[in-house]
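Residue-level listing of the chains:
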Amino acid sequence: MKKTKILDCIDKLLKHESRLFLLERILKENTNNDTFSKISASISNSGKCKSSFTKIEFANLFYILMDEGFLFFEILDKKNNRIGFQKFLENNFTYSGKNDKQCEIKNISKEFAESKGYTYREKQIEFLNLLIFRLQERKSRIENW
C-alpha cells in the first residue's frame, strides 16, 4: 500500500513538472507580449528570498548577525566582509516596501551604515526589542510543546 502512495506522489509530481515546463515554454515563446513579459519577470524575481522586514530592519538584522560573528564571508577582513554581505543581500533578498509590496534591494550600504552608527541608536534598540520579543515567544512555544 505504501508503494502505491509513493507512486501516486511521483506521478503527481511529474505531471506538475510537465505543466511547469509547458508554462515556461509558452512564456519564452511569447516574450514580445507585455503580459507574458511581466509574468516572466515576476517568475524570475521569485527566486529571491522575501522578507517581512523593512529595508532598515532587514539591514539591522543582517548587520547584527555579521557584526556579532554569527555569519561571515571573511572574518578577518571587516571591510570585505561587509561588502560581501551587501552584495549577497542585494542579489538574494527582497524587503517589504510601501503597502507591503516586495521590493528589490538595489543598494543597502546606507542602511548598513545606519546600523553601524550610533546616530540611529533608538531605532536599533527598538528593532532589537522586537527581535528579542519574537525569539522569546518562539522559545515559549517550544518549551510548551
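Report follows, based on the coordinates. Throughout, a residue's number is its position along its own chain's written sequence, starting from 1. Given that the model is predicted, a residue must reach a pLDDT of at least 70 before its local features are reported, and side-chain atom pairs must reach 80 or more before they are shown or counted; all residues, however, enter totals for whole chains, interfaces and linings. Computation of side-chain values: all heavy atoms of the structure, hydrogens and water removed.

### Observations concerning the environment of Ser-51
As for its placement among the helices and strands, Ser-51 is situated in the loop between helix 2 (34-45) and helix 3 (55-67). Judged by relative accessible area, Ser-51 falls into the buried class, the value being 8%. Setting aside residues no more than four positions away along its own chain, Ser-51 makes contact with Phe-58, Thr-94, Tyr-95, Ser-96 and Gln-102. A polar contact is formed between the side chain of Ser-51 and the backbone nitrogen of Phe-53, at a distance of 2.9 Å. In this description a helix means any DSSP run of H or I spanning at least four residues, a strand means any run of E spanning at least two, and both kinds are numbered starting from the N terminus. Buried residues are those whose accessible area, probed at 1.4 Å on protein chains only, stays under 20% of the maximum for their type, while exposed residues exceed 50% and partly exposed ones sit between those limits. Contacts between residues were defined by any pair of non-hydrogen atoms, one from each residue, lying within 4.5 Å. Any pair of N or O atoms that falls within 3.5 Å is considered a polar contact. Within protein, one atom must be able to donate a hydrogen and the other to accept it, and sequence-neighbouring residues count only if both atoms are side-chain atoms.

### Notes on the environment of Thr-94
Assignment of secondary structure puts Thr-94 in strand 1 (residues 94-96). Residues Thr-94 and Ile-105, eleven residues apart in the sequence, show an inter-C-alpha distance of 5.8 Å. Other than its neighbours up to four places away in sequence, Thr-94 contacts Lys-48, Cys-49, Lys-50, Ser-51, Gln-102, Cys-103, Glu-104 and Ile-105.

### Notes on unusual backbone geometry
Even without being glycine, Asn-99 reaches a positive phi, approximately 55 degrees. You can see Asn-99 is positioned in the loop between strand 1 and strand 2 (102-104). For Asp-100, which is not a glycine, the phi torsion comes out positive at approximately 60 degrees. By secondary structure assignment, the location of Asp-100 is in the loop between strand 1 and strand 2.

As far as function goes, none of this settles anything; it's purely spatial.
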